[in-house]
Amino acid sequence: MFAPVHSFRQLPATFFSDVMPTAVASPSFIAFNQPLAEQLALPTQYWQTDQGLALYSGLQLPDWTKPLAAAYTGHQFGSLAPRLGDGRAILLTELTDITGKIFDLQLKGAGPTPYSRRGDGRAALGPVLREYLVSEAMHALGVPTTRALAAVMTGEPVYRQRQLPGAIITRVADSFLRIGSFQYAAMYANHDELQALLDFAINRHYPECADAENPALAFLAAVQQRQAKLIAKWMSLGFIHGVMNTDNMAISGETIDYGPCAFMDKYRADTVFSSIDTGGRYAYQQQPQIGQWNLARLAESLLPLIAEDETQAVAMATEVLNGFGPSYYQHWRELFGAKVGLRQTTNDDQSLIQALLQLLQHAEIDFTIFFRKLAYASTDIYAQKGPHGLFADAESWLTWAEQWHQRLAKEDAECDEQSTQHQNRVDQMLAVNPAFIPRNHQIEQIIEEAIERNDFTLFEKFRQDLTTPYQDNEFWMAAPAPSTALYQTFCGT
Ligand code: AMP
Ligand code: MG
């Protein structure tokens, strides 16, 4: 049932400001996500209609919205930015979906808020299209993420390095609470207000922590579990978030704030795409460490709620934080184990998988294409559809593949019905190794056609196709030619 709620507003006033979207000239729809609207039990009058357009452009809001902008702070590239907040995002309401779960509904790019600092509160078309497609693709790939409900053009220009069409995206999240929300509370709020924020987050995301002996500590451990799993998922798909600042890491364990994010083409552990990440802080291989660093900032913010005595609180939090590595590696091993066709993994398999990744890096092999093809090599190393032909010098691949086949044979020997195992393994591998991901050069082409020619055909084609990433799709599967490969992405601002 459609049931807007406004629980964030029950928090102390220090955590948000009332704000209204700023009217735009002549909005028009780019895309509307009907399956998501159905899941949210959104009345059809707010689908792709005039009333819907008025809502998603912020032009005229229904009375069931109570718009606000949330306050937060955060570490950006390692330095504290003491006052951030929703500078161009406006929380319209919370909605219960058809299963009874609560979601946040937010406009991004609907005008300035008290937290805009020098920003215009607007979003350009390119980043809106990117966020729409990449977040929906992540969802289809099975990664926890915010969703895209609608994208509209504002009919007004925005000014970045040049004039660009303005756009607004309507996003849906388990919630937009960030590690930075807790850092803000620790810096500016009193003890009771910090407690209120924790209670809110526990109630919304981790109700089981309410009954724990030490709810704040249990909460830290629970957030850590989800972050470790999320980052392992990113790694298993070659996803690089690009701006893992503490204000861009969600308490819910979802991927949020898609900026200069991108998927790797060729496997390289030190890949960086973001033009502003000059030091490579948020490179592919750095992501787990940064995740843990961010969780330490969350832990610091929670100290007063963990124990009265600070030394004791630090010791307790540190013990929890030490669990990040084991938790992350367990998820990593399970995910990569499945990618190479193993149903169960042991510690030894870690070195088999690491050896493979080194091999891919050395031979400059496309990450997604390799793992897709690997499924077919699980029965025959030389299989026509296998990855054999990707290697200029096949020797190192064959050496690895023989070790791999020995490992698979060992697993089969531990299983009873060997004859059916092989086919199952191919299918199982195809079900976890996507045929295609949103490749950077393709997303850039989609954006360019929209901006330069006002042509959304390719955008629409990808929007339709992205729902089935585990089915072969000749159109989107190809790796970029060296001339079209893109090595840099720019922030969504
Ligand atoms: P981001 O790195 O995009 O997550 O943004 C960092 C901070 O800058 C957040 O507080 C944003 O709300 C704010 N911000 C980014 N772009 C704009 C903009 N165009 N106008 C106002 N605030 C912005
Ligand atoms: Mg952000």
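Residues numbered from 1 in each chain as written. Chains lettered and ligands numbered in written order. Predicted model: local features only at pLDDT ≥ 70, side-chain atom pairs only at ≥ 80, totals over all residues. Heavy atoms only, no water.

Undergrad: How would you sum up the pairing of strand β10 (residues 147–159)? Please name residues and give values.
TA: The two faces of a sheet get side chains in turn, since along a regular strand they alternate between them. Of the pairings in the sheet, the one linking strand β3 (residues 28–32) to β10 comprises 4 bridges and is antiparallel in character. Paired with S28 across the two strands is M153, which belongs to β10. Note that β10 and strand β11 (residues 163–173) share 9 bridges and pair antiparallel. Across the sheet, residue A151 finds its bridge partner in β11, namely I169. Between β10 and β11, which pair antiparallel in sequence order, lie 3 residues. (Pairing = 2+ DSSP bridges. Helix = DSSP H or I, 4+ residues; strand = E, 2+ residues; numbered from the N terminus.)

Undergrad: Could you give me a rundown of the environment of L352, with the residues and numbers involved?
TA: Among the structural elements, L352 can be located in helix α10 (residues 347–363). A relative accessible area of 10% places L352 in the buried class. Separated by 49 residues in the primary sequence, L352 and A401 place their C-alpha atoms 10.0 Å from one another. Ignoring sequence-local partners within four residues, the contact set of L352 consists of W400, Q403, W404 and R407. (Buried < 20%, exposed > 50% of the residue type's maximum accessible area, 1.4 Å probe, protein only. Contact = heavy atoms within 4.5 Å.)

Undergrad: Describe the coordination of the magnesium ion (ligand 2), with residues and values.
TA: Tetrahedral metal sites with four donors have an ideal angle of 109.5 degrees; octahedral sites with six donors have ideal angles of 90 or 180 degrees. Taken together, N248 (OD1) and D257 (OD) make up the protein donors of the magnesium ion (ligand 2), found 2.0 to 2.1 Å from the metal. Pair check on accessibility: N248 and D257 agree, each one buried. (Donors = N, O, S within 2.8 Å, 3.2 Å for Na, K, Ca; no water.)

Undergrad: Pulling in residues and values, what's your account of the pattern of salt bridges?
TA: Throughout the structure, instances matching the rule amount to 24 salt bridges. Where K461 meets D465, a salt bridge forms, and the shortest distance between an N and an O atom there is 3.0 Å. With a gap of 4 residues between them, K461 and D465 both fall in helix α15 (residues 457–465), about one helical turn apart. With a relative accessible area of 17%, D465 lands in the buried category. (Salt bridge = Lys/Arg side-chain N within 4 Å of Asp/Glu carboxyl O.)

Undergrad: Can you explain the domain arrangement of the chain? Please cite residues and give values.
TA: The domains assigned to the chain are domain 1 (7–173), domain 2 (179–302) and domain 3 (357–493). Between domain 1 and domain 2, the C-alpha centre-to-centre distance is 20 Å. The partner domain 2 presents 38 residues to the 36 residues of domain 1 that form the contact. Carbon and sulfur atoms make up 64% of the area that domain 1 and domain 2 hide from each other, which totals about 3,100 Å². The largest share of the area that domain 1 buries against domain 2 comes from F15, H75 and F77, three residues that together contribute 21% of it. Linking domain 1 with domain 2 are 3 salt bridges. (Domains from an automatic or database assignment. Buried area = accessible area lost by both parts, 1.4 Å probe.)

Undergrad: So what about the site of ligand 1? Which residues, and what values?
TA: In the neighbourhood of ligand 1, 17 residues make up the surrounding shell, with G85, G87, R117, G121 and N248 lying closest. About the coverage of ligand 1: the protein hides 87% of its 480 Å² of free accessible area. Among the residues making up the shell around ligand 1, the classes are represented as 2 nonpolar, 8 polar and 7 charged. (Near = heavy atom within 4 Å. Areas by Shrake-Rupley, 256 points an atom, 1.4 Å probe, with all protein chains shown as cover. Nonpolar A, V, L, I, M, F, W, Y, C, P; charged D, E, K, R; others polar.)

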